[in-house]
Amino acid sequence: MPSIRIENVGKIYEDADGNNVTALNNINLTINDGEFVSIVGPSGCGKSTLLEIVAGLQPATSGNVYLDEKPITGPGRDIGVVFQSAALFPWRTVRKNMAYGMEIAKVPKEEQKKRIDKYLDLMGLKDFADKYPSQLSGGMRQRAGIARTLIMNPKVTLMDEPFSAVDHLTRSTLQEELIRIHQTEKKTVLFVTHDISEAVLLSDRVILLTPRPGRIQEEYVIKTKQPRSRTDDEIIKISAQIIADISRGAEFKEAEYFI
Amino acid sequence: MASDETAVLEEERKTLPTKKKRKKITGITIAQIVFVIALLVYMEIAVKKKWISPVFLAAPTDIFKEGVKIIKDGTLLPHLLISLEEVLAGYALGAVTGIAVGLLWTLFPKVEEFMSAFCSAIMAVPKVAILPLLILWFGIGFKSKLVLIFLFTVFTVLFNTVGGAKQVSDEYIKVARVFETGRVKTVFKVVLPFALTSIFTGLKLSAATAMTGVVFSEMQSAKAGIGYLLAESQNFLNTKRLFFLVILVTVMSVLFVKFFKLLEYLTCHKWRKV
Ligand SMILES: Nc1ncnc2c1ncn2[C@@H]1O[C@H](COP(=O)(O)OP(=O)(O)OP(=O)(O)O)[C@@H](O)[C@H]1O
Ligand SMILES: [Mg+2]
């Protein structure tokens, strides 16, 4: 059963001077149940915009997004979002941050505690449960942010450059954890990144957007089974292919301007 | 993360030199203490030797004795209690109203659109200028002081609350929306904690002005209170009592502000620097 269907989605922003900025143009994409799909593309091509439209955080100017064939009209519990900067509430401890969604959803207290303990364990945050975000490292914060989302058990998880603010080593660890969680829970993931090798390493499918206005330029299916290594033949080949295609996309763009 | 860690480092870099400076300053601190002592000694001698008339200046020992006297003979206490009552009641009312209306505005922007022009207009009026009017309406007793202190407090707290609430970052609002937090819960669970810093700024600012307000209004027209006692001492040319009362009011004002610093520390120090 297709989990998310993005149909003819376009987005036009109005900037401060009242000019129209086309961020996205005619995006069509279907993400299947349990699939891990990444979106890559040059900065400003509309990746975050697309993610926020799927999350229901902002409306599309044209087209529709469907979750299990029902149109998305606003944020909902079926869709979880992990933000780039973790966006933990600084006035809540890790435990309390993880509890936030459950608090709002009125999950019974014992159930909350059970799930929090499970995710503290899963994310290696046991010893930091009662610390505040300002007392954590960036990697820990990101893990807490991911836990806060996954703990709600959403059907689909959207992630916007969740690892871009952490150092290289932490990033590799978090990537491995993410793969492990995806392998065990088989959740649908839509993942935005500007790190090509990260996208190829994690995803079943990588979508490349053109420079703004973002359109789908290319689609890559990665067949290598998880766990993968950065040195696997297919990973290296597809990464190189994507990098080549990105510069081709930039040329297209320039050519268009000249015509 | 990287940015936060560098922030911590910068914090350390900033505090390190000042610590060193503090050690270097000890010489200056000693000089300052010596200066203050010299000034006190001069005041003492000048008044006692009649170089300066005791109408203009008071000897520190006399100020101290006068203070002890009005505390012991029960002159001070009733006035002190009345002033405290006025300032605490007016302040509490103003602070609670300010925060409540601030949250109301945050919840219902239409209400803000309607009210803010009026509030800004009233805020712009120098409060002391409407004291005569307040006295006409509410008499020279407790009520007019209560209203004045209320007016002194409410707008500062209100605009600080609203200002703090408006600065809440987009990210936190997005998180709230993603978890389907309703309007009211968003305000109480996300916006209010975020605005606390700014609310406390408002509370501290208005704590100092509230004290000024109560003393001033009692000096103008009252039957009791520290301000009344000040005016009375002036009429009787009781300079040493004036000095004592000025010191008392200053200490009270400082303590009042300190109380909110402590409160802020207790509520927020765990998750941010206070
Ligand atoms: N609220 C807004 N108002 C006007 N223009 C906007 C707004 N948000 C985004 N844009 C514009 O839309 C385009 C796409 O922005 P978006 O944030 O989706 O890009 P992105 O692909 O996520 O970029 P990055 O990789 O740098 O995060 C950009 O050109 C941006 O300037
Ligand atoms: Mg982005």
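Higher on the page you've got the structure.
Values in this document were obtained by computation on a predicted structure and should not be read as measured data.

Caption draft 1: Structural context of the overall build of chain B. The helix and strand tally for chain B stands at 10 helices and 0 strands. Secondary structure elements in chain B, listed N-terminal to C-terminal, are α-α-α-α-α-α-α-α-α-α. For 274 residues, the compact-globule estimate of 2.2 N^0.38 gives 19 Å, and the C-alpha radius of gyration of chain B, at 24 Å, exceeds that figure by more than 25%. With respect to the principal axes defined by its C-alpha atoms, chain B has extents near 75 × 60 × 30 Å. Evaluated residue by residue, chain B yields a buried proportion of 39% over its 274 residues. A fraction of 72% describes how many contacts in chain B between residues 6 or more apart in sequence connect residues 24 or more apart. As displayed, chain B has an accessible area near 15,900 Å², and 72% of this comes from carbon and sulfur atoms.

Caption draft 2: Local environment of the interface of chain B and chain A. Taken residue by residue, the interface counts 20 residues in chain B and 33 residues in chain A. Overall, the association of chain B and chain A removes approximately 2,500 Å² of surface from exposure, summing both partners, and the carbon and sulfur fraction of that is 61%. Where chain B packs against chain A, one counts 3 salt bridges. Ionic pairing is found between Lys189(B) and Glu103(A), a salt bridge with its closest N-O pair at 2.6 Å. At the junction of chain B with chain A, the criterion picks out 8 residue pairs in polar contact (both at pLDDT 80 or more).

Caption draft 3: Quick look at the site of ligand 1. Residue and element names in this part refer to chain A. Every residue near ligand 1 is listed here: Tyr13, Ala23, Ser43, Gly44, Cys45, Gly46, Lys47, Ser48, Thr49, Glu161 and Arg212. One of the side-chain N or O atoms of Ser43 is found 2.6 Å from an oxygen atom in ligand 1. The contact in question runs from an oxygen atom of ligand 1 to an N or O atom on the side chain of Thr49, over 2.5 Å. Burial of ligand 1 by the surrounding chains reaches 64%, relative to a free accessible area of 630 Å². Sort the elements by how many residues they give to the shell around ligand 1 and helix H1 (residues 47-55) lands first, with 3 residues. Tallied by class, the residues present in the shell around ligand 1 amount to 3 nonpolar, 5 polar and 3 charged.

Caption draft 4: Looking closely at the packing of helix H3 (residues 76-107) of chain B against helix H6 (residues 142-166) of chain B. Residue and element names in this part refer to chain B. Relative to each other, H3 and H6 sit at 35°, their axes nearing to 6 Å. Of the two elements, H3 crosses H6, and the hand of that crossing is right-handed. Of the residues that constitute the contact of H3 with H6, the class distribution is 19 nonpolar, 8 polar and 3 charged.

Caption draft 5: Molecular detail of H1(A). Across the 9 residues that make up H1(A), a large majority, 8, are buried. Within the span of H1(A), buried status applies to Lys47(A), Thr49(A), Leu50(A), Leu51(A), Glu52(A), Ile53(A), Val54(A) and Ala55(A).

Caption draft 6: Up close: the environment of Gln135(A). All names here are of chain A. Within the secondary structure, Gln135 sits in the loop between helix H3 (109-122) and helix H4 (138-150). Here the alpha-carbon distance between Gln135 and Pro90, two residues 45 residues apart in the chain, equals 9.7 Å. Among the polar contacts listed, one links the side chain of Gln135 to the backbone nitrogen of Tyr132, at a separation of 2.7 Å.

Caption draft 7: Looking closely at the pattern of salt bridges. Residue and element names in this part refer to chain A. Applying the stated criterion across every chain, the model contains 26 salt bridges over all chains. Linking Asp130 and Arg95 is a salt bridge whose minimum nitrogen-to-oxygen distance equals 3.4 Å. Of the two residues, Asp130 sits in the loop between H3 and H4 while Arg95 sits in helix H2 (residues 94-104), which places them 35 residues apart along the sequence. For Arg95, a relative accessible area of 26% puts it in the partly exposed group.

Caption draft 8: Structural view of the side chain of Arg143(A). All names here are of chain A. Within the element layout of this structure, Arg143 appears in helix H4. It turns out Arg143 is buried and unbridged, and the closest side chain with the opposite charge, Glu177, is 4.5 Å from it. Separated by 3.0 Å, the side chain of Arg143 and the backbone oxygen of Met123 make a polar contact. Each residue touching Arg143, except ones within four places of it in the same chain, is listed here: Met123, Gly124, Leu125, Leu174 and Glu177.

Caption draft 9: Examining a nonpolar patch on the surface more closely. All names here are of chain B. A cluster of nonpolar side chains, Ile33, Ile37, Val41, Tyr42, Ile45 and Trp51, forms an exposed patch at the surface whose accessible area comes to about 600 Å². As for its placement among the helices and strands, Val41 is situated in helix H1 (residues 2-48). Classification of Val41 as partly exposed rests on a relative accessible area of 42%.

Caption draft 10: Spatial organisation of unusual backbone geometry. The amide bond that connects Arg212(A) to the next residue, Pro213(A), takes the cis arrangement and shows omega of -5°. Structurally, Pro213(A) is set in the loop between strand E9 (205-209) and strand E10 (216-221). In this structure, the amide linkage connecting Gln226(A) to the following residue, Pro227(A), adopts the cis form with an omega of -5°. Mapping Pro227(A) onto the fold places it in the loop between E10 and helix H7 (233-258). Positive phi values are uncommon outside glycine, yet Ala86(A) reaches one of about 70°. On the basis of relative accessible area, Ala86(A) is assigned to the buried category, the value being 3%. Not every positive phi belongs to a glycine, and Leu237(B) is a case in point at roughly 55°. Mapped onto the elements, Leu237(B) comes out in the loop between helix H9 (226-235) and helix H10 (239-268). Residue Leu237(B) is classed as exposed on the basis of its relative accessible area, which comes to 53%.

Caption draft 11: A look at the packing of aromatic side chains. Per the stated rule, a full pass over the model turns up 17 aromatic pairs over all chains. A centroid spacing of 5.0 Å and a plane angle of 65° characterise the contact between Phe89(A) and Tyr100(A), whose relative ring orientation is edge-to-face. Of the two residues, Phe89(A) sits in the loop between strand E6 (79-82) and H2 while Tyr100(A) sits in helix H2, which places them 11 residues apart along the sequence. Across the pair, Tyr100(A) and Phe89(A) agree in class, each one buried. Ring centres of Phe259(B) and Phe260(B) lie 5.1 Å apart, and the angle between their planes is 80°; on these two criteria the pair is classed as edge-to-face. For Phe260(B), a relative accessible area of 8% gives the class buried. Taken together, the aromatic side chains of Phe89(A), Trp91(A), Tyr100(A), Tyr172(B), Phe179(B), Phe194(B) and Trp271(B) make up a single cluster linked through ring pairs. Sitting over the ring of Phe89(A), Arg148(A) keeps its end group 5.7 Å from the ring centre.

The rules behind each value
- In this numbering scheme, every chain counts its residues from 1 along its sequence in written order.
- A letter from A marks each chain and a number from 1 marks each ligand, given out in the order of writing.
- In keeping with the model being predicted, local features are shown solely for residues with a pLDDT of at least 70 and side-chain atom pairs are shown and tallied solely at 80 or more, while totals for entire chains, interfaces and linings include all residues.
- Only heavy atoms go into the side-chain values, all of them from the structure, while hydrogens and water stay out.
- Numbering of helices and strands runs from the N terminus, with a helix taken as a DSSP run of H or I at least four residues long and a strand as a DSSP run of E at least two residues long.
- The atom set for the radius of gyration is the C-alpha atoms, and the globule formula is 2.2 Å times the number of residues raised to the power 0.38.
- Any residue under 20% of the maximum accessible area for its type is buried, any over 50% is exposed, and the rest in between are partly exposed; the area is computed with a 1.4 Å probe on protein chains only.
- Pairs of residues are marked as contacts when any of their non-hydrogen atoms sit within 4.5 Å.
- Only the protein chains shown count as cover for residues, with accessible areas throughout obtained via the Shrake-Rupley method and a probe of 1.4 Å.
- When two parts are put together, the accessible area they lose, computed with a 1.4 Å probe and summed over both, is reported as buried area.
- One side-chain nitrogen of Lys or Arg within 4 Å of one carboxyl oxygen of Asp or Glu is enough to make a salt bridge.
- Polar contacts here mean pairs of N or O atoms no more than 3.5 Å apart (in protein, one a potential hydrogen donor and the other a potential acceptor; neighbouring residues in sequence count only if both atoms are side-chain atoms).
- Near, as used in this document, describes a residue that has one of its heavy atoms within 4 Å of the molecule or strand being considered.
- All residues other than Ala, Val, Leu, Ile, Met, Phe, Trp, Tyr, Cys, Pro, Asp, Glu, Lys and Arg, Gly among them, are scored as polar; the first ten of these are nonpolar and the last four charged.
- Angular values range over 0 to 180 degrees, each being the angle between N-to-C directions of two axes fitted as lines to C-alpha atoms, with helices fitted over their stretch in contact.
- The handedness criterion is simple: a crossing whose near helix is rotated anticlockwise from the far helix by less than a right angle is left-handed, and one whose near helix is rotated clockwise is right-handed.
- Positive charges are assigned to Lys and Arg, negative charges to Asp and Glu, while His and the chain termini are left out of the count.
- For patch building, the residue pool is restricted to those with more than 30% relative accessible area and no salt bridge; the joining distance is 9 Å between like charges and 5 Å between nonpolar side chains (Val, Leu, Ile, Met, Phe, Trp, Tyr).
- Here is the rule: rings of Phe, Tyr and Trp (six-membered ring for Trp) pair when centre to centre is within 6.5 Å. Planes less than 30 degrees apart are stacked, more than 60 are edge-to-face, and the remainder are tilted.
- Counting as a charge over the ring demands two things of the Lys NZ or Arg CZ atom: a distance within 6 Å of the ring centre and an angle within 35 degrees of the ring normal.

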